[in-house]
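# Residue-level structural notes
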Amino acid sequence: MDVVIGPLDLPAHVDEALAVQAAAFGLGPDEIAVRRQIVLRHMTHPGARALGATLGGTLVGFVYGMPNDRAHWWSTVVEPYLRAERNDGWLDDSFVITELHVHPDHQNRGTGRALITTLTAGATEPRSILSAIDTDSPARGLYRSLGYRDLARRVHFPSAPMPYAVMGAPLPLRGH
């Protein structure tokens, strides 16, 4: 049985998606409740799109993103870090990958790569940006293999225990 990548009505499947994210990130019920409201709010933004990866009808991964807006909370947090590296222009005319998660039982099989490349293939912006925990992780390796490079590191988000890196890549992504 193959994983199927396709459009996802994320508001209708938010609890399934957050269960995948919770398994991937080890989130507790309180964090999931907060993230649920964030996801539902994000999906009201113009141009927000989501894809799901299903296996036998079960959601095993998802990605969503939207055209970046400097007024969004994420942009206001990362902008000073990007400006310090002379990379704040990346906040303009970019498609931001807001979340990308694959259930741990289904990682390292190309699902994350298929989700992000398919989502960004539909973007009209010339580039993509995202943030990832600033460690040498499989996720960061995936992003680098797609052409993302570090734009700022040691970015601190309120309430996040670990620093993040902001990464950017021209579109279309490498290998797509």
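Now for a quick tour of the structure.

Thresholds applied
Residues numbered from 1 in each chain as written. Predicted model: local features only at pLDDT ≥ 70, side-chain atom pairs only at ≥ 80, totals over all residues. Heavy atoms only, no water. Buried < 20%, exposed > 50% of the residue type's maximum accessible area, 1.4 Å probe, protein only. Helix = DSSP H or I, 4+ residues; strand = E, 2+ residues; numbered from the N terminus. Contact = heavy atoms within 4.5 Å. Pairing = 2+ DSSP bridges. Polar contact = N/O pair within 3.5 Å; in protein donor to acceptor, adjacent residues only side chain to side chain. Axes fitted to C-alpha atoms, helices over the stretch in contact; angles between N-to-C directions. Parallel < 35°, antiparallel > 145°, perpendicular 65-115°, else oblique. Left-handed = near helix turned anticlockwise from the far one by under 90°. Nonpolar A, V, L, I, M, F, W, Y, C, P; charged D, E, K, R; others polar. Salt bridge = Lys/Arg side-chain N within 4 Å of Asp/Glu carboxyl O.

The subject of this paragraph is helix α3 (residues 73–84). Where α3 is concerned, the buried positions are W74, S75, V77, V78, E79 and L82. Elements that come into contact with the buried residues of α3 comprise β4 (94–102), β5 (127–133), β6 (149–155) and β7 (164–170). At the exit of α3 stands R86, carrying a positive phi of roughly 60 degrees.

Now for the pairing of strand β2 (residues 49–55). Looking along a regular strand, one sees side chains alternate from face to face of the sheet. Summarising the sheet, strand β1 (residues 4–7) and β2 pair through 4 bridges and their orientation is antiparallel. Along β2, the bridge assignment pairs I5 with A53. Across 7 bridges, the pairing between β2 and strand β3 (residues 58–67) is antiparallel. Among the inter-strand pairings, L51 is bridged to a residue of β3, identified as V63. Once β2 ends, the chain turns through 2 residues before running back antiparallel as β3, passing G56 with a positive phi of about 60 degrees.

Here we come to the environment of H45. Among the structural elements, H45 can be located in the loop between α2 (29–42) and β2. H45 gets classed as partly exposed once you look at its relative accessible area, which sits at 22%. Sequence spacing of H45 and A33 is 12 residues, and the spatial spacing of their C-alpha atoms is 20 Å. Residues in contact with H45, not counting those within four places in the same chain, are M66 and H72. Of note is the side chain of H45, whose polar atom sits 3.2 Å from the side chain of H72.

Moving on to the side chain of H101. Its place among the elements puts H101 in strand β4. Side-chain polar atoms of H101 contact the side chain of Q21, separated by 3.3 Å. Apart from residues lying up to four places away in sequence, H101 is in contact with V20, Q21, A24, F25, V60, G61 and F62.

Axis separation between helix α1 (residues 14–25) and α2 bottoms out at 10 Å; the angle between their running directions is 125 degrees. Relative to α2, the element α1 is oriented oblique. In the crossing of α1 with α2, the sense of the turn from one axis to the other is right-handed. Of the residues in α2, those touching α1 at V14, D15, L18, Q21 and A22 are I32, R35, R36, V39 and L40. Taken together, the residues that form the contact of α1 with α2 break down as 6 nonpolar, 1 polar and 3 charged.

Following the criterion strictly, the structure yields 9 salt bridges and no others. Note that E99 and R35 form a salt bridge whose closest N and O atoms lie 3.9 Å from each other. Of this pair, E99 sits in strand β4 while R35 sits in helix α2, and the two are 64 residues apart along the sequence. Across the salt bridge formed by R144 and D136, the nearest N and O atoms sit 3.6 Å from each other. Taking relative accessible area as the criterion, R144 reaches 33% and is therefore assigned partly exposed.

By themselves these figures say nothing about function.
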